[in-house]
Amino acid sequence: MRSRLAFAPFWLTYLFLYAPIAVLVVMSFNAADTPYTWGGFTTSWYGELARDEKIREGLVNTLIVAAGSTVLATVLGTLLAVGIARHTRSKALGALATLPAILPDLVLAIGLLAFYSAVKATLGLHSILAAHTVFGMAFVATVVRTRLSHADTSLEEASRDLGAGAFTTFVRVTLPGLMPGIVAGALLAFTLSIDEFVIAFFTAGPKDPTLPIVIYSMVRFGVTPEINALATVLLVVSFTAVVAVQRVTRLTDALR
Amino acid sequence: MRSLRRVRPRAEPLVLLGPGLAYLLVFMVVPLGLILSYTIFQRGRFGGIVYEATAENFTRVADPLYVDVLVHSVQVAALTTVAALLLGYPTAYVIAKLPPKWKTLALIAVVLPFWTNFLIRTYAWIVLLNSQGVVNSALGDLGLIDKPLELLYTDGAVITGLLYAYLPLMILPLYSAIERLDPQLGEASANLGAGPVRTFVSVTLPLTLPGVLTGCVFVFVPSLGNFVVPELLGGGQSAMVGTLIRDQFLKARDWPFGSVLVLCVVAVLVVLLMAQAWASRRYSGEGDRA
Amino acid sequence: MLRLSAVTITAALALFSAAACGGGSADGPAAPDALDANADLSKQTLTLSNWAGYMPEDLPAKFKDKTGAEVTVTEHATNEEIIAKLTAGGDSGVDVAFVSGQFAQALAEQGLLEPIHADLVPNLKNLYPEATKLAYDPGNKISVPYTWGTTGLCYRKDLTGYEPDSWNDLLQPKPELKKKITMLGTERWMLLPAQKSLGFSANTQDEGELAKAKELLVKAKPNLLAFDDTTFGDRLKSGEAALVEAWDGWCPTTEKNIAFTVPKEGSDLWVDTMVILKSSKNKEAAHALIDYILDPEVHAWAAQNIMYKVPNKAAMESLDAKLVADYPHLEMSPADLLKQESLVDLGEAAPVYTRIVTEVTAR
């Protein structure tokens, strides 16, 4: 009954979300230099993209940072989530663990810039990695905590009653039960790190930019048709990845 | 939380909580503390910090010029949030009522743009809204306008860009909340004689309120601190606190003043979160869950 | 539990500080190193920061062929950006930076620059005599000039309908040009038009004068399309803008309908220079790079490809006559150039300039 009225915004949303993307995809095949005229069909921008060293370098750096920070964030975040759920009633600790996810990225970025500057740290991929771990950890912890709140502790109790030590119980009983949450959290952390611009921008060293930083320089200096090709490629890769992930983990179930 | 166990190893809390908390302390608490401390110091001649206490930064930020920028930023973020809600709620509702196969597809379709690079997506709007851009060309070709509309470099462009960036963050929590609704409640309401509007206002909306509030926070917070969208789509005409902060740290090198601006943003945030917690407690009766 | 957490936390902090501080550079004045003229450059690597498109793309490759040293190029969009990176504390990782002269002066006063060892840069002899007496660094002790020029009005002859000749054409434009004007958005060059049109020095530290300049800028802002340091050339070409403030080399006079002029009230003399960071661990290679760039053939690239005047006598004299005819500003002699006001560091007034920029752009 309600649905009739709701359909207009529904379609409008998808139109809104995909119109710019359609423009990018179409433009990636446009032979003309500017997006405002059509110069014929071409795939040359894709060729240029493949040859672009800066983009390749950015991509490699982004993957290094994302992989590294995700691993670290998953470990720290999972431990933290279990610890908070099991050993404290403090709302403050819970809020602290979630804070990086809620804080505007600019605030965190500025804070880290100030911190690195104060300890005179050399900036590089490691400084970005450390920064990404902070918010990655918060997302992992949040997802795992949600999972924990629905979890059944009787299995663990049984394990302990049967004589297994704390560590064994954790590894053989608790972790497997949490695995869907941990994987979802890790995926979330990975995704966020890959596209993350603001924090990387403030904590990067002069030499190793991540892909978003490379793109920012390209976009700032004006129109480059290569960007459209890059956007299309990213879209296709993401689509494949999301579909694959969904098949494997039923990711959307984590939204319940 | 279960005290049924007889032996609780003392090391367990340390192992679980220690690493994570230590990391957060070093990489979040200390940095934020530093920023807080800079607010009372001064900028050196070349940039950098001179450690002489002063209230100058606070009096400077009280200047109407900066208050205006802050208010304007809050306005833009709020408008973005409202737009996201107006578009997002019906969309989430429809998705929640779809048959399972379509539901998954619809959700993926919402999230997918989110996975292309944020900067490129923002840049796409430049192409669309430019005076020779797609929108103006189309309107011109259709004969609806005779000279290009000034779409870019306006508040509207910035709101569009922000909305575009964060709309999925509104839809997902809303979907989650609507999906959990017990359909029998809606039926019961109808059986008792309430029309669709009444049912929505008195039953559906209050029950989904936590999701609404979460979605609003997820859109408002990043919108407030964003500097990329105002820079690319606002052309420096739309003064936002995010660009101001970025400039203080990377151009003007006035870290103390920039820190005060950061503090203002955090203050707005704290007020917002407290309001969310209060509203959530009051209307859902269940106590809030993050 | 609290006690144990406190122990962990302190341990973590200590560990991290040790790691970070260990990696940072040691503070304290170092005795000026004697540099080894025969150092093996193939063992050195350089990180260089410059504006995009400001030097030949094959420079790193050619330099590597010649000396064996690896060069990584990173970009900055404005002086302020690179200065912020260089002054943020710790080793920025940059060996050679391209910054405008007045900023080189400021960096030197903060003790961040390595003096230029002239014996390692024999090509300094190629510079014009005028280029060794520049106000921000007489004798080129801490910097070496790369390009120089002036700032002026860059405009579309067909869109403006007249030939602008004054900074007021920019600041108080004709009604039909409103919203088709851009100005440079960085400290010195944002204030320049206002300062010159009011008859003030571009290096003024007088608070009264600066306040008046600021007022003029605040009034001018509503007429602007944007403050633009990077895309004003494209905007002129596409017609989005009709009249912009531009550095002479960035004005795309290749287009038939675009022209450049220095306003009658006068303008600045800016010099983009190369500096070597004191924190660099590859100082010999850095000097070799600068020497390589000063080679007339290499240096002439800037004039031939990006239409910037270089202070290299040998390079400028080797330019094709037709090129100079196409780009009249290349003809400007050093003597003429020096009639404009040389930009120097602002001393104690520097924070005032940055504050003005913030307050004008925040409206």
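Residues numbered from 1 in each chain as written. Chains lettered and ligands numbered in written order. Predicted model: local features only at pLDDT ≥ 70, side-chain atom pairs only at ≥ 80, totals over all residues. Heavy atoms only, no water.

**Looking at helix 3 (residues 64-96) of chain B**
Part 1 of the reasoning: Between the first and last C-alpha of helix 3 of chain B there are 46 Å, a value that for 33 residues agrees with the 48 Å anticipated at 1.5 Å per step.
Part 2 of the reasoning: For helix 3 of chain B, the principal kink sits at G88(B) and spans about 30 degrees; a proline, P90(B), occurs within the next four residues. (Helix = DSSP H or I, 4+ residues; strand = E, 2+ residues; numbered from the N terminus. Expected span 1.5 Å × (residues − 1). Bend = angle between axes of the 7 residues up to and from the residue.)

**Brief notes about the pattern of salt bridges**
Two side chains with opposite charge may pair up if their charged atoms get near one another.
Part 1 of the reasoning: Applying the stated rule across the entire model yields 20 salt bridges over all chains.
Part 2 of the reasoning: The residue D247(B) makes a salt bridge to R246(B) at a minimum N-O spacing of 3.1 Å.
Part 3 of the reasoning: Looking at D247(B), the relative accessible area reads 16%, which means it is buried.
Part 4 of the reasoning: Of the charged contacts in the structure, one is a salt bridge between K283(C) and E114(C), with a shortest N-O distance of 3.7 Å. Of the two residues, K283(C) sits in helix 10 (residues 283-293) while E114(C) sits in the loop between helix 4 (101-109) and strand 4 (144-149), which places them 169 residues apart along the sequence.
Part 5 of the reasoning: The buried category is assigned to E114(C), whose relative accessible area is 3%.
Part 6 of the reasoning: Look at the salt bridges and you will find they share partners, linking E231(B), R246(B) and D247(B) into a network. (Salt bridge = Lys/Arg side-chain N within 4 Å of Asp/Glu carboxyl O. Buried < 20%, exposed > 50% of the residue type's maximum accessible area, 1.4 Å probe, protein only.)

**Concerning the state of the cysteines**
Residues and elements named next belong to chain C.
Part 1 of the reasoning: Under the criterion given, the structure shown has 1 disulfide over all chains.
Part 2 of the reasoning: The side chain of C154 participates in a disulfide bridge whose partner is C251; the two sulfur atoms lie 1.9 Å from each other. Negative torsions about the S-S bond denote left-handed disulfides, and the value of about 85 degrees found for C154 with C251 makes this one right-handed. Linking C154 in strand 5 (residues 151-156) with C251 in the loop between strand 8 (243-247) and strand 9 (258-261), this pair joins segments that are 97 residues apart in sequence. With respect to burial, C154 and C251 carry one shared label: buried. (Disulfide = S-S within 2.5 Å.)

**Regarding the pairing of strand 4 of chain C**
All names here are of chain C.
Part 1 of the reasoning: Taking burial as the measure, the 6 residues of strand 4 include 6 buried ones, the bulk of the element.
Part 2 of the reasoning: Two elements, strand 4 and strand 10 (residues 268-276), share 5 bridges in a ladder whose sense is antiparallel. Paired with T147 across the bridge in strand 10 is D272. (Pairing = 2+ DSSP bridges.)

**Digging into the interface of chain B and chain C**
Part 1 of the reasoning: Counting residues at the interface gives 33 residues for chain B and 39 residues for chain C.
Part 2 of the reasoning: Summed over both sides, the interface between chain B and chain C buries roughly 3000 Å², with carbon and sulfur atoms accounting for 61% of that surface.
Part 3 of the reasoning: Linking chain B with chain C are 1 salt bridge.
Part 4 of the reasoning: Close ionic contact of R253(B) with E187(C) constitutes a salt bridge, the shortest N to O distance being 3.9 Å.
Part 5 of the reasoning: Seen at the junction of chain B and chain C, the total is 2 residue pairs in polar contact (both at pLDDT 80 or more).
Part 6 of the reasoning: Secondary-structure elements contributing two or more residues to the side of chain B that touches chain C are helix 1 (11-38), helix 2 (56-61), helix 3 and helix 11 (241-250) of chain B.
Part 7 of the reasoning: Among the elements that make up the side of chain B that touches chain C, the one with the highest residue count is helix 1 of chain B (8 residues).
Part 8 of the reasoning: Residue classes in the side of chain B that touches chain C are distributed as 17 nonpolar, 9 polar and 7 charged. (Contact = heavy atoms within 4.5 Å. Buried area = accessible area lost by both parts, 1.4 Å probe. Polar contact = N/O pair within 3.5 Å; in protein donor to acceptor, adjacent residues only side chain to side chain. Nonpolar A, V, L, I, M, F, W, Y, C, P; charged D, E, K, R; others polar.)

**Digging into the confidence of the model for chain C**
Residue and element names in this part refer to chain C.
Part 1 of the reasoning: Per-residue pLDDT for chain C averages 84, and the proportion of residues at 70 or more is 90%.
Part 2 of the reasoning: Here helix 1 (residues 2-23) is the element of chain C with the lowest mean pLDDT, 43, and strand 3 (residues 96-100) is the one with the highest, 95.
Part 3 of the reasoning: Per the prediction output, this complex has pTM 0.83; the corresponding ipTM is 0.84. (pLDDT = per-residue confidence, 0-100.)

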